[in-house]
Amino acid sequence: MNVGETSAARLAKKAGWSGWELDLGPSAAASLVGVTTGTTDTRERTRSADVGLVVIAAVIVAAALTRPAIHDLVARPAVANFATVFVAIVLQAVPFLALGVTVSAAIGTFVPPGLLPRLLPKNPAVAVPVGAVAGVALPGCECGSVPIARRLVDRGAPGAAALTFLLAAPAINPVVLVATAVAFPGQPEMVVARFAASLLAAVVVGWIWIRLGRDDLLLARRSPHVHADTKGAAFLQIAQHDFLNAGGFLIIGAATAGALQTIVPRSILTSLSGDGVIAVLALACLAVVMAICSEADAFIAASLRQFSPTAQLAFMTVGPMVDVKLIALQAGTFGRGFALRFAPLTFVVATSSAALVGWWLL
Amino acid sequence: MVVAVTPSGGTLTALVGLLTLRLTIDGTFTRYVQSGMRPWLLLAGVALFALGLFGLVIALRSHDEGAGDEADGYDDEHEDEHEDEHGVGVGWLLLAPVVTLLVVAPPSLGSYGVDRSPPIRITAGKSDLPALDPSGGPVEMTLLEYTERAFDHDGESMRDATVELTGFVSADGSGTFDLARYQIACCAADAAAAVVHIVGVASTPPRDQWVTVTGAYSSGSSDVPELAATSLQEISAPKDPYE
């Protein structure tokens, strides 16, 4: 390796970097699946090849060596409870995450830039309900829809519409509504209320985002583009990237939820039961800390019988839209500044929407 | 900003896929998720393993091409901006469940969480359940069904019948204990425990011991249904620990 080649590589790297900055302009997406020169980042790959694999091997060997200590640790009931809930959330999310990154990679690879802006209504206020309807059609858990929403933004969908999709997809798809009907036998009004409250919350958050939101926050974390010769290779690279990103933040969320479930005693919860505003807020907060899958939350809501139906509805409306696992995923995907604004906004809108619909229907 | 598939990213993805497959095939997965998830876990496990292998192969191939670059002095000025795109970034955290599961598979939920999970509450007298047939020996049922029957007209449907329940010991006293079993809808994070108070046993098994109890419904005083035991057998944890 001589010095000349090194600086050439560095120059190519610089060029690649400024190319990305230009990408933020309107013509950006055109080069999203661009072919970049091989020298661009060979060095980083070389380095992580050496260090990364060694780190993985070292961690696994270290864990194997400390096996007895880890066994003793997991023998403690509290640690076991945490570990079981943690592993359960991760394992349960794996199929949904795989589906989510498949869809997001398909959008990133096969949806031509400029198609979504052409298809969606020009007026963002109209595009928002369209995003909600698109969400209804996709049966999936909340963890899968975050990478999908990010790809939609990349492909030029208005931020507000993509966010409405993000909120609607896990909350009101057919699988979730059927689960709700099963969990509340003889109470079809609960299914109607859930659908209405979630749809209302998703659309209202979208509209508020148009007025007050900051699309620049969404765009600041533009998805990286890939260098691949074929669409198939591009698809697999995007899928790989999105899986690692979403999976990593899922771990943070699952660990948080596991810890909270292990530490917070039930007596705190039951002391807040009953009717009224306190009960609604208590279950809305419980939904945030429990972080359970939207396809399962109806069963938990149904078992919380000492709470009013409106409070149960709030649990099912807030859960798929805001919880510790989702906040971690959103912060990782769109940035912390985004999550700090979006999560509280969604919490307030979803809780109010559930209270309103509950007061009207239940 | 360019996505680079890294060997470590590919390895991590493949490991997650491989572990998912292992847990699903050896049946351990029922400790964590509902058993109906099996086909989806298998599918996702195969897909992630293949995706990871692909990433590993691609990355190693480009690694070989660029092997000559290693020794030069590279300036790190763009390190921060590039971290996410070039490295595995937050994906490293996937090592946590991978390592946990390689070393030890956490047990199914036990007595610790019974007080922390949402309680199963059945409203009394809502339905009329068909009566059990007492002639065919002990009737096996879930703790949830027992709870429902207990609250249906004070256990009317179980009159004269012998019932067989299987669960773990969640709280012990002298001559009595609480038998519990979790219901899960999706995964262990949404578990809710059904609890039956067992009375009339000679010796109380230790906490978290799985047992099969036969006995008759007894009209208890608390809001926890009660069973007067006639026999008690300690068993090993069932394949699917949840109802």
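Residues numbered from 1 in each chain as written. Chains lettered and ligands numbered in written order. Predicted model: local features only at pLDDT ≥ 70, side-chain atom pairs only at ≥ 80, totals over all residues.

(A) How the structure looks around the overall build of chain B. Scanning chain B for helices and strands turns up five helices and seven strands. Written out in order from the N terminus, the α and β elements of chain B read β-α-α-α-α-β-α-β-β-β-β-β. Put simply, chain B has 243 residues, and 44% of those count as buried. For chain B, restricting intrachain contacts to residue pairs at least 6 apart in sequence, the fraction spanning at least 24 positions comes to 73%. (Helix = DSSP H or I, 4+ residues; strand = E, 2+ residues; numbered from the N terminus. Buried ≥ 20, exposed ≤ 12 C-beta atoms within 10 Å, placed from the backbone. Contact = placed C-beta atoms within 7 Å.)

(B) Representation of the overall build of chain A within the structure. Check the secondary structure of chain A and you find 18 helices and one strand. Here chain A holds 362 residues, and the buried ones make up 54% of them. The long-range fraction of contacts in chain A, counting pairs at least 24 apart against all pairs at least 6 apart in sequence, stands at 86%.

(C) Layout of the pairing of strand β4 (residues 176-183) of chain B. Residue and element names in this part refer to chain B. β4 sits mainly inside the fold: seven of its eight residues count as buried. In the sheet, strand β3 (residues 163-172) pairs with β4 via four bridges, with the strands oriented antiparallel. Bridge assignment links Asp172 to a residue of β4, and that residue is Phe177. In this antiparallel pair of consecutive strands, β3 and β4, the connection spans three residues, and Gly175 shows a positive phi of 75 degrees. Across eight bridges, β4 lies against strand β5 (residues 192-199) in antiparallel orientation. Within β5, the residue paired with Thr176 across the bridge is Val199. (Pairing = 2+ DSSP bridges.)

(D) Molecular detail of the environment of A:Arg150. Within the fold, A:Arg150 resides in helix α7 (residues 142-154). Expressed as a C-alpha distance, the spacing of A:Arg150 and A:Leu65, which sit 85 residues apart in the sequence, is 41 Å.

(E) Just unusual backbone geometry, in detail. Residue and element names in this part refer to chain B. Here the phi dihedral of Asp208 falls at roughly 70 degrees; this positive angle occurs in a residue that is not glycine. In this fold, Asp208 is placed in the loop between β5 and β6 (210-218). Residue classification places Asp208 among the partly exposed residues on the basis of 17 C-beta atoms within 10 Å.

(F) How the structure looks around the packing of helix α10 (residues 188-212) of chain A against helix α16 (residues 309-318) of chain A. All names here are of chain A. At a minimum axis distance of 10 Å, the contact between α10 and α16 shows a crossing angle of 50 degrees. One finds that α10 runs oblique with respect to α16. Seen from above, α10 lies across α16 with right-handed handedness. Contact residues: Met190, Ala193, Arg194, Ala197, Ser198 and Ala201 in α10; Pro309, Leu313, Met316 and Thr317 in α16. By residue class, the composition of the contact of α10 with α16 is seven nonpolar, two polar and one charged. (Axes fitted to C-alpha atoms, helices over the stretch in contact; angles between N-to-C directions. Parallel < 35°, antiparallel > 145°, perpendicular 65-115°, else oblique. Left-handed = near helix turned anticlockwise from the far one by under 90°. Nonpolar A, V, L, I, M, F, W, Y, C, P; charged D, E, K, R; others polar.)

(G) Fine view of the nonpolar core. With 176 residues, the main nonpolar core has A:Ile89, A:Leu283, A:Phe315 and B:Cys187 as its most contacted residues. Leave out the neighbours within four places in its chain, and A:Phe315 touches A:Leu283, A:Ala284, A:Leu286, A:Ala287, A:Asp297, A:Ala301 and A:Leu304. (Core = buried A, V, L, I, M, F, W, Y, C linked by C-beta atoms within 7 Å.)

(H) Up close: the environment of B:Leu15. Of note, B:Leu15 is situated in helix α1 (residues 7-25). It is 7.0 Å that separates the C-alpha atoms of B:Leu15 and B:Val98, two residues lying 83 residues apart in sequence.

(I) Region of interest: the pairing of strand β7 (residues 226-235) of chain B. Residues and elements named next belong to chain B. With three bridges connecting them, β5 and β7 associate as parallel partners. Along β7, the bridge assignment pairs Ile198 with Leu227. Here β6 pairs with β7 via nine bridges, running antiparallel. Each residue of the ladder has a partner; that of Val211, found in β7, is Glu234.

(J) Structural detail: helix α17 (residues 324-334) of chain A. Residues and elements named next belong to chain A. α17 sits mainly inside the fold: 10 of its 11 residues count as buried. What α17 keeps buried is the set Val324, Lys325, Leu326, Ile327, Ala328, Leu329, Gln330, Gly332, Thr333 and Phe334. Once α17 finishes, Gly335 follows within two positions and takes phi at roughly 105 degrees, a positive value.

(K) Main features of the packing of α10(A) against helix α18 (residues 336-361) of chain A. Residue and element names in this part refer to chain A. Running from amino to carboxyl end, α10 crosses α18 at an angle of 145 degrees, the nearest separation of the two axes being 8 Å. Pair α10 / α18 crosses with right-handed handedness. Note on element contacts: α18 touches α10 through Leu345, Thr346, Val349, Ala350, Ser353, Ala354, Val357, Gly358 and Leu361, opposite Glu189, Val192, Ala193, Ala196, Ala197, Leu200, Ala201, Val204, Val205 and Ile208. Along the lines of polarity and charge, the residues of the contact of α10 with α18 split into 15 nonpolar, three polar and one charged.

(L) Structural context of the confidence of the model for chain A. For chain A, mean pLDDT is 78; residues scoring 70 or higher make up 81% of the total. Predicted confidence is poor over residues 1-42 of chain A, with pLDDT under 50, and the contacts of this stretch with residues over four places away or in other chains come to 48 contacts. (pLDDT = per-residue confidence, 0-100.)

(M) Spatial organisation of α16(A). Residue and element names in this part refer to chain A. Of all 10 residues that make up α16, nine are buried, and the element is covered over most of its length. Taken together, the buried positions of α16 are Thr310, Ala311, Gln312, Leu313, Ala314, Phe315, Met316, Thr317 and Val318. Where α16 is buried, its residues meet α9 (174-183), α10, α14 (276-290), α15 (297-303) and α18.

(N) Looking closely at the confidence of the model for chain B. Residue and element names in this part refer to chain B. Taken residue by residue, chain B gives an average pLDDT of 80. The fraction at 70 or more is 83%. Ranking the helices and strands of chain B by mean pLDDT puts α1 first, with 92, and helix α3 (residues 79-86) last, with 40. Confidence drops under pLDDT 50 across residues 67-86; counting only partners more than four residues distant or on other chains, this segment forms 24 contacts. Here the complex is predicted with pTM 0.76, and the ipTM for its interfaces comes to 0.84.

(O) A look at the environment of B:Val46. Its place among the elements puts B:Val46 in helix α2 (residues 38-65). For B:Val46, a count of 15 C-beta atoms within 10 Å corresponds to the partly exposed category.

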